[in-house]
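Coordinates in review
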Amino acid sequence: MSDALPPLTALRAFEAAARHMSFARAADELHVTPAALSFQIKSLEAHLGTPVFKRLNRAVELTEAGATLAPSLTDGFNHLNHAWRTARRQADHSVLIITAGPAFTTKWLAPRLYGFVQAEPDIELRFSATLRMMDLARDDVDAAIRFGPGGDKGVYSRTLINEWVTPMMTPALAEQYRTPRDLLGATLLHQDIYPFRKDGLTWNSWFAAQGLPAPPENGPRFADADHAHSAALAGSGVVFGRYSLAEQALRDGHLVAPFRLAIRTKHRYRYICPLGAETRPHLARFETWLFNEVKKMQPFSDKHDFIDEEDLAR
């Protein structure tokens, strides 16, 4: 026996065979013949000085040595594969993978995609629209846009949008509901502004800030903010709208936000990428474009008077 590692091909052959518990399936995965795979495993056993498989009739079992070796080898090859994909992605300046929530991707990012293509035709932008908090060190993404309280550690993080909410409706409904008090008789669309918090902002928050009683609770309820905004666009009621999700509809005049009072939320959108990655050319260009798009939102925010969510409890 030797402390020196056996050839990588022998380790790879054993790892695949142990994972599949089949020489034939492992050979198919590695694109070699079963005989060639069996030869690599025998060379590994010779190097180790003990069998790693028990050869049974039409089956195999791991020996004690094989069972000890297999899990660590699988972890090791997974780390190697991840490192290789990451290195290739960093070297490829033509593809950029961004993760963001489904609603934000649909309502904010996607409508601006054409502008990015025009500004950066040599970069292919791909979206991974998910609420899962992806691991920038492990998942195949270059940067994330996340909504929450912040406090990001060990990453490059920059506030993208300070979210705010206010009643939003179609122009036709705005003709019916001209004052905040009028909304007490409106169909209010209820939504989960923070799906991960039970104490998030509700219609009660806005009515209390206006010095009005709590509104009726009998309006339609949506677990997805995107669906609530779509219902408002259809004229089904008045949504306690998030500016980031409604900005396009407000700019196009499909929705209006007729009342000046708005509540700035504790949670905000942040642009996040691994430390040091912000200097990579294609990420730096994306970040510049992204924040230039956010600047275009400011004139509409200037039309409102803001109360911070934290001040509502004081």
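For the structure, see preceding data.
These notes cover the structure that comes with them.

With that out of the way, let us pick up the overall build of the protein. Helix and strand counts for the protein stand at 12 helices and 11 strands. Taking 2.2 N^0.38 as the reference for a compact globule, 314 residues should give roughly 20 Å; the C-alpha atoms of the protein span a radius of gyration of 28 Å, well beyond that estimate. Its C-alpha atoms give the protein principal-axis dimensions of about 85 × 40 × 35 Å. When each of the 314 residues of the protein is scored for burial, the buried share is 44%. In the protein, once contacts between residues fewer than 6 apart in sequence are set aside, the share between residues at least 24 apart is 77%. Total accessible area computed for the protein in this model is approximately 16,400 Å², and 54% of it derives from carbon and sulfur atoms.

Along the chain, glutamate 247 falls in helix 9 (residues 243-252). Of note is the side chain of glutamate 247, whose polar atom sits 2.7 Å from the side chain of arginine 112. At 2.8 Å, the side chain of glutamate 247 and the side chain of arginine 251 are in polar contact. Beyond its immediate chain neighbours, meaning those up to four positions away, glutamate 247 contacts Arg112 and Met297.

Here we take up the pairing of strand 4 (residues 124-129). Bridge count between strand 3 (residues 95-100) and strand 4: 6 bridges; the pairing is parallel. Within strand 4, the position partnered with threonine 99 by the bridge is serine 128. Each parallel crossover has a hand, and the one from strand 3 via helix 5 (residues 102-119) to strand 4 is right-handed.

Conventions and cut-offs
- Residues numbered from 1 in each chain as written.
- Predicted model: local features only at pLDDT ≥ 70, side-chain atom pairs only at ≥ 80, totals over all residues.
- Heavy atoms only, no water.
- Helix = DSSP H or I, 4+ residues; strand = E, 2+ residues; numbered from the N terminus.
- Rg over C-alpha atoms; globule rule 2.2 N^0.38 Å.
- Buried < 20%, exposed > 50% of the residue type's maximum accessible area, 1.4 Å probe, protein only.
- Contact = heavy atoms within 4.5 Å.
- Areas by Shrake-Rupley, 256 points an atom, 1.4 Å probe, with all protein chains shown as cover.
- Polar contact = N/O pair within 3.5 Å; in protein donor to acceptor, adjacent residues only side chain to side chain.
- Pairing = 2+ DSSP bridges.
- Right-handed = clockwise from strand over helix to strand, strands pointing away.

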